[in-house]
Amino acid sequence: MARSASPCLFVCFLVRFSYMRMKYLFISWLVVFIGSWIIYVQYSTYTELCRGHDCKKIICDKYKTGVIDGSACSSLCAKETLYFGKCLSTKPNNQMYLGIWGNLQGVIKCQMEETIHLDLGTEPEPRKEIVLFDKPTRGTTVQKFKEMVYGLFKRKLGEQGNLSELVNLILSVADGNKDGRVSLPEAKSAWALLQLNEFLLMVILQDKEHTPKLMGFCGDLYVMERVEYTSLYGISLPWILELFIPSSFRRSMDQWFTPSWPRKAKIAIGLLEFVEDIFHGPYGNFLMCDTSAKNLGYNDKYDLKMVDMRKIVPEINLKELIKDRHCESDLDCVYGTDCRTLCDQSKMKCTTEIIQPNLAKVCQLLKDYLLRGAPSEIREELEKQLYSCIALKVTANQMEMEHSLILNNLKTLLWKKISHTNDS
């Protein structure tokens, strides 16, 4: 019996070994298949999102045929001292790259696709004429171009007594070669860029420390100052890791990599100062319609710098765009992620009154950021002020007075705590 059992055991072992081998081969094949699929999908996404070569070709073709001109055109298309680096794009029609311009680093932004319909979830203006660079037309005088720009500002910013000053400022920026005159190709570039809220805001706030500086432009491509840390949390991960990290864990991980509390306080003060800059400034009120941490950054001195201002729009402009929007509920009356109005159920149209001011949205973003690690002696007062700030409503009586009081109280509280530290 013992002798007859040995062949049976040997056969069973071979069968089990073959089964295990097939199992591991199948698992290995499955891992390779899934991995290849992920790489293919990500590569396809990358090639769709990152089309810097196409962007450069379109711009340089227009420049070489004399359609457009600007301060960055020669470096990009002739001397080739401005070139595209790492791709930062998150949408196919908004190309964004790290740029190297001689010995300077910046961020290159380029508009790729025309949008001939109005979509409150993407761009706030139609883009057809921007892509074609068909305005102003040949024969347009400088005076006529100034009237065009003035009319555009009146529609976007409303009646402002100093719009003429802004028009003159735009003309000085449009003069890319600084020869004292604006050529037709330069005017075409300027007109295209003025459709973009971020460019307009950079010009309006060019002397403010929290706005990235405009380095140059060509057509509707522009180069802006690079910000070293491109999130409040100062951490970015390779896309392959982002795929496998749960959002809840990522939020916790973000908090681990924040700067020290005094440095966070300095960054927060900078953000509050930026809110001041765009709240009823010299050319009206601008609304922050995406206050996520990825749109904010800071430099090596922990001074806040805006990374992406494309969803900061003039209040007058947004009201004009949203007033006739059809709605079924309040969820239909949203621009970006944070600019919300109410749905008038009797008319099935969105109202024009924005519910939350910028300051309330910023305080919501800063709440966990500032309370984590806050000094015990100010934590209770800081929490109280942040919640008062979050509760601020546009429709409140004396809102502007409350806005100023809350903002100044927060800045004072934070500044007193860090004013005698190295981080100040």
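Above this text you will find the structure in question.
These numbers were taken from a predicted model, which means no experiment stands behind them. (Residues numbered from 1 in each chain as written. Predicted model: local features only at pLDDT ≥ 70, side-chain atom pairs only at ≥ 80, totals over all residues. Heavy atoms only, no water.)

Visitor: Tell me about the overall build of the protein, and name the residues and values.
Guide: When helices and strands are tallied, the protein shows 15 helices and 13 strands. Buried residues in the protein amount to 47% of all 424 residues. When contacts within the protein are restricted to residue pairs at least 6 apart in sequence, those whose partners lie at least 24 apart make up 65%. Here the protein displays about 22300 Å² of accessible surface, and carbon together with sulfur accounts for 57% of that area. (Helix = DSSP H or I, 4+ residues; strand = E, 2+ residues; numbered from the N terminus. Buried < 20%, exposed > 50% of the residue type's maximum accessible area, 1.4 Å probe, protein only. Contact = heavy atoms within 4.5 Å. Areas by Shrake-Rupley, 256 points an atom, 1.4 Å probe, with all protein chains shown as cover.)

Visitor: If you had to explain helix α5 (residues 142-157) to someone new, which residues and values would you point to?
Guide: A rise of 1.5 Å per residue sets the reference length of α5, with its 16 residues, at 22 Å; its end C-alpha atoms lie 22 Å apart and thus fit the reference within 8%. Of all the positions in α5, only Phe-145, Met-148, Val-149, Leu-152, Phe-153, Lys-156 and Leu-157 are classed as buried. Along the axis of α5, the buried residues cluster in a sector spanning 140°; they form a single face. Buried positions along α5 lie against α6 (163-174), α7 (184-194), α8 (197-204), β6 (286-288), β9 (312-314) and α12 (315-322). Count one or two residues on from α5 and you reach Gly-158, which has phi positive near 85°. (Expected span 1.5 Å × (residues − 1). Arc of directions from axis to C-beta.)

Visitor: Could you give an account of helix α2 (residues 52-64), naming the residues involved and the relevant values?
Guide: Along its 13 residues, α2 runs 18 Å from first to last C-alpha, staying within 8% of the 18 Å computed at 1.5 Å per residue. Taken together, the buried positions of α2 are Gly-52, Cys-55, Ile-59 and Cys-60. Down the axis of α2, the buried set is contained in an arc of 115°. They therefore lie on one face. Exposed and facing more than 90 degrees away from the buried side of α2 are His-53 and Lys-64.

Visitor: Residue-level account of the side chain of Lys-367, with values.
Guide: Tracing the sequence through the fold places Lys-367 in helix α13 (residues 358-371). Ignoring sequence-local partners within four residues, the contact set of Lys-367 consists of Leu-386, Tyr-387 and Ile-390.

Visitor: I'd love a proper account of the packing of α5 against α7, names of residues and values included.
Guide: Contact pair α5 / α7: the axes reach a minimum separation of 11 Å and the direction vectors enclose 5°. The orientation of α5 with respect to α7, classified from their angle, is roughly parallel. On α7, the residues touching Phe-145, Met-148, Val-149, Leu-152, Phe-153 and Lys-156 of α5 are Ala-187, Ala-190, Trp-191 and Leu-194. Considering only residue class, the contact of α5 with α7 consists of nine nonpolar, no polar and one charged. (Axes fitted to C-alpha atoms, helices over the stretch in contact; angles between N-to-C directions. Parallel < 35°, antiparallel > 145°, perpendicular 65-115°, else oblique. Nonpolar A, V, L, I, M, F, W, Y, C, P; charged D, E, K, R; others polar.)

Visitor: So, the sheet that holds strand β4 (residues 214-218): which residues are in play, and what are the values?
Guide: If you walk across this open sheet you meet the five strands as β1-β2-β3-β5-β4, and the pairing is antiparallel. Since the sheet does not close on itself, it has two edges, and those belong to β1 (82-87) and β4, each with one partner. When strand polarity is set aside, the average angle formed by the axes of neighbouring strands in this sheet is 30°. Here β1 runs beside strand β2 (residues 94-101); their pairing, made up of four bridges, is antiparallel. Among the inter-strand pairings, Leu-82 is bridged to a residue of β2, identified as Trp-101. Taken strand by strand, α8 contacts β3 (104-111), β4 and β5 (221-225), and its axis lies near 45° from that of β5. (Pairing = 2+ DSSP bridges.)

Visitor: Requested: an account of the state of the cysteines, with residues and values cited.
Guide: Here, the word disulfide means a covalent bond between the sulfur atoms of two cysteines. Going through the model one piece at a time under the given rule, you end up with eight disulfides. One disulfide in the model links Cys-50 with Cys-87; its S-S distance is 2.0 Å. Judged by the sign of its S-S torsion, about -85°, the bond between Cys-50 and Cys-87 is left-handed. Highlighted residues: Cys-50 in the loop between α1 (2-49) and α2 and Cys-87 in strand β1, separated in sequence by 37 residues. Each sulfur of the disulfide joining Cys-73 and Cys-218 lies 2.0 Å from the other. Disulfide Cys-73-Cys-218: the torsion about the S-S bond is 100°, which places it as right-handed. Of the two residues, Cys-73 sits in helix α3 (residues 73-78) while Cys-218 sits in strand β4, which places them 145 residues apart along the sequence. (Disulfide = S-S within 2.5 Å.)

Visitor: Can you break down the packing of α13 against helix α15 (residues 399-418) residue by residue, with the values?
Guide: Two elements in contact, α13 and α15, have axes whose closest approach is 12 Å; the angle formed by their N-to-C orientations is 25°. The orientation of α13 with respect to α15, classified from their angle, is roughly parallel. Every pair of crossing elements has a handedness; the one defined by α13 and α15 is left-handed. Of the residues in α15, those touching α13 at Leu-359, Cys-363 and Leu-370 are His-403, Ile-406, Leu-407, Leu-410 and Leu-414. (Left-handed = near helix turned anticlockwise from the far one by under 90°.)

Visitor: I'd love a proper account of the pattern of salt bridges, names of residues and values included.
Guide: This structure, assessed with the given rule, holds 14 salt bridges. The residue Lys-323 makes a salt bridge to Glu-320 at a minimum N-O spacing of 3.3 Å. Here Lys-323 falls in the partly exposed class, since its relative accessible area comes to 33%. Here Glu-320 falls in the partly exposed class, since its relative accessible area comes to 48%. (Salt bridge = Lys/Arg side-chain N within 4 Å of Asp/Glu carboxyl O.)

Visitor: Residues and numbers for the pairing of β2, please.
Guide: Within β2, seven of the eight residues are buried, leaving the element largely enclosed by the surrounding structure. Two successive antiparallel strands, β1 and β2, enclose a turn made up of six residues. Bridge count for β2 against β3 is eight bridges, and the pairing is antiparallel. What sits directly across from Gln-95, in β3, is Cys-110. Here β2 folds back onto β3 in antiparallel fashion, the turn holding two residues, of which Gly-102 has a positive phi close to 65°.

Visitor: Could you give an account of the nonpolar core, naming the residues involved and the relevant values?
Guide: Counting 80 residues, the largest nonpolar core has Phe-153 and Leu-382 as the members making the most contacts within it. Considering each element in turn, this core owes the most residues, ten residues, to helix α11 (residues 261-278). Judged by nonpolar contacts, the second largest core, of 23 residues, contains Cys-60, Ile-68, Ala-192 and Leu-221. (Core = buried A, V, L, I, M, F, W, Y, C linked by side-chain atoms within 4.5 Å.)

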